[in-house]
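So you can see what is in the structure, the chains are spelled out below.
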Amino acid sequence: HGGQLIGECRQRTPAELAKLAPNMRIPMDCPRRRSPIEVELVMDGQVLFHKIYHPSGLSGDGAVDTYEQFKVLSGSHQLRVRLKDSVKVTDFNYVREAMVTLVPTQTLVVDFKHEAGGFVMK
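Residues numbered from 1 in each chain as written. Predicted model: local features only at pLDDT ≥ 70, side-chain atom pairs only at ≥ 80, totals over all residues. Heavy atoms only, no water.

Asker: How do you make sense of the overall build of the protein chain when you look at a structure like this?
Answerer: Scanning the protein chain from N- to C-terminus turns up 1 helix and 8 strands. Traced from its N-terminal end to its C-terminal end, the protein chain shows the element sequence β-α-β-β-β-β-β-β-β. For 122 residues, the compact-globule estimate of 2.2 N^0.38 gives 14 Å, and the protein chain exceeds it by more than 25% at 20 Å. Its C-alpha atoms give the protein chain principal-axis dimensions of roughly 65 × 25 × 20 Å. Put simply, the protein chain has 122 residues, and 27% of those count as buried. The long-range share in the protein chain, meaning contacts at least 24 apart out of those at least 6 apart in sequence, stands at 48%. As presented, the protein chain carries roughly 8400 Å² of accessible surface, and 54% of it is formed by carbon and sulfur atoms. Side-chain charges in the protein chain split into 16 positive and 14 negative, and the spacing between the mean points of these groups amounts to 6 Å. (Helix = DSSP H or I, 4+ residues; strand = E, 2+ residues; numbered from the N terminus. Rg over C-alpha atoms; globule rule 2.2 N^0.38 Å. Buried < 20%, exposed > 50% of the residue type's maximum accessible area, 1.4 Å probe, protein only. Contact = heavy atoms within 4.5 Å. Areas by Shrake-Rupley, 256 points an atom, 1.4 Å probe, with all protein chains shown as cover. Lys, Arg positive; Asp, Glu negative; His and termini not counted. Charge placed at Lys NZ, Arg CZ, Asp CG, Glu CD.)

Shown next as structure tokens:
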């Protein structure tokens, strides 16, 4: 997932455009740098994982890919996963809470799919 852009786009003035090479005369000036991604996993009221990932790429404009694995006891658990992808908001802007029942040797995958509206558990 790529964080949201840190700044806003702005319209370049005609004077600014004139100073640029012809192939660089794009009317809108948009920042490339993206917000860091903050992820938190809470199980039964205990924080299992909390980390801030910085965008990849030389310009800080790339996506974040991560994989973490946790071994937990089987049984029923209250699970809450949260993600913040914007420096413009104060709290997590994606939250998913679920009661899950895990059996021995089961694998529960928690994935983030922006196009699906957030976290997906399978």
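Asker: When you look at the pattern of salt bridges in this model, what are you seeing that I'm missing?
Answerer: Side chains that differ in sign of charge can pair as their charged atoms come close. Applying the stated rule across the entire model yields 7 salt bridges. Among the ionic pairs, Glu 16 bridges to Arg 10, the shortest N-O distance being 2.8 Å. Look at Glu 16 and you get partly exposed, because its relative accessible area is 28%. Judged by its relative accessible area of 37%, Arg 10 is partly exposed. The salt bridge involving Asp 29 is made with Arg 10; its shortest N-O contact spans 3.7 Å. Taken together, the residues span a long stretch of sequence, with Asp 29 in strand 2 (residues 28-29) and Arg 10 in strand 1 (residues 10-11) at a distance of 19 residues. Beyond isolated ion pairs, a larger network of salt bridges with shared partners links Arg 10, Arg 12, Glu 16 and Asp 29. (Salt bridge = Lys/Arg side-chain N within 4 Å of Asp/Glu carboxyl O.)

Asker: Any chance you could explain the pairing of strand 4 (residues 46-53) here in plain terms?
Answerer: Two faces, one strand: in a regular strand the side chains alternate between the faces of the sheet. With 7 bridges joining them, strand 3 (residues 37-43) and strand 4 adopt antiparallel strand pairing. Considered in strand 4, the bridge of Val 39 is made with Lys 51. The hairpin formed by strand 3 and strand 4 contains 2 residues between the paired strands, and Asp 44 there has a positive phi angle of roughly 55°. (Pairing = 2+ DSSP bridges.)

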